[in-house]
Amino acid sequence: QKEVEQDPGPLSVPEGAIVSLNCTYSNSAFQYFMWYRQYSRKGPELLMYTYSSGNKEDGRFTAQVDKSSKYISLFIRDSQPSDSATYLCAMSDSYNTGNQFYFGTGTSLTVIP
Amino acid sequence: EPEVTQTPSHQVTQMGQEVILRCVPISNHLYFYWYRQILGQKVEFLVSFYNNEISEKSEIFDDQFSVERPDGSNFTLKIRSTKLEDSAMYFCASSVARTSGNVPDTQYFGPGTRLTVL
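Residues numbered from 1 in each chain as written. Chains lettered and ligands numbered in written order. Predicted model: local features only at pLDDT ≥ 70, side-chain atom pairs only at ≥ 80, totals over all residues. Heavy atoms only, no water.

Colleague: So what about the pattern of salt bridges? Which residues, and what values?
Modeller: Residue and element names in this part refer to chain A. Per the stated rule, a full pass over the model turns up five salt bridges over all chains. Among the salt bridges present, the one from glutamate 57 reaches arginine 77, with a minimum N-O distance of 3.4 Å. Separated by 20 residues along the polypeptide, glutamate 57 in strand β6 (residues 54-58) and arginine 77 in the loop between β8 (71-76) and β9 (85-92) bring together distant segments of the chain. (Salt bridge = Lys/Arg side-chain N within 4 Å of Asp/Glu carboxyl O. Helix = DSSP H or I, 4+ residues; strand = E, 2+ residues; numbered from the N terminus.)

Right, dumping it as structure tokens:
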């Protein structure tokens, strides 16, 4: 199953750096794009979502969707040690066909103080 | 803040045995889900459940698996005759509704049960 691809990392950056996390996908029917954060020994926690194309900003986090390239990104500005976690992208085609989510493998991020 | 809880945190079983993984969804949520994550691989959808019925299931969710809401608070995943390849982290999730406006409703995940089949 290769619907969603994500570089597993690990990614290690100094505190304050800008982090870019990316996923590609193959199913052009995907409309709803999510980023989850998963701390060690915890379940995934929804960080942000976007519907269809465009950008969405929430504090230090910006989610971008480029449907023409089938590419989504999550940017973290002024990264903090508390951002150290695994970041999972997830997608869904549409509420009409159900809300089964398709996940990437996750990217492990470490922010070094 | 309300949370999805799961028990046990780690279950070890012998191949061929039956296991039941338990979840307590957030109390006002109506939709429940099971996902699994084999080590190093993607989180995979197994099944969604609403109104005491399966509403969707993936091809992974075969006759070996079953789900149940035995009472008003618990949601269980039963795996009959476990296989080595069932070893994975199993996540339960819940949401208030199926959709919120025109997008899928937020699913809240539990911490997971690590299942090890020997």
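Colleague: Account for the interface of chain A and chain B, naming residues and giving values.
Modeller: Counting residues at the interface gives 26 residues for chain A and 22 residues for chain B. Taken together, both faces of the contact between chain A and chain B bury some 2100 Å²; the carbon and sulfur share is 56%. Counting across the interface, chain A meets chain B through one salt bridge. Viewed at the interface, chain B and chain A are joined by two residue pairs in polar contact (both at pLDDT 80 or more). Those elements giving two or more residues to the side of chain A that touches chain B turn out to be β1 (4-6), β4 (32-38) and β5 (45-51) of chain A. (Contact = heavy atoms within 4.5 Å. Buried area = accessible area lost by both parts, 1.4 Å probe. Polar contact = N/O pair within 3.5 Å; in protein donor to acceptor, adjacent residues only side chain to side chain.)

Colleague: Give me the side chain of A:Thr107: which residues, what numbers.
Modeller: All names here are of chain A. Residue position: threonine 107 is located in strand β11 (residues 107-112). Of note is the side chain of threonine 107, whose polar atom sits 2.4 Å from the backbone oxygen of aspartate 7. In this view, threonine 107 contacts Gln6, Asp7, Pro8, Gly9, Leu11, Leu21, Ala85, Thr86 and Tyr87; residues no more than four positions away in its chain are not counted.

Colleague: Give me the environment of B:Val43: which residues, what numbers.
Modeller: When you line up the elements, B:Val43 lands in strand β5 (residues 43-50). Spatially, the C-alpha atom of B:Val43 lies 8.9 Å from that of B:Met89, the residues being 46 residues apart in sequence. Look past the residues within four positions of B:Val43 in its chain and what remains in contact with it is A:Phe103, A:Gly104, B:Tyr35, B:Arg36 and B:Gln37.

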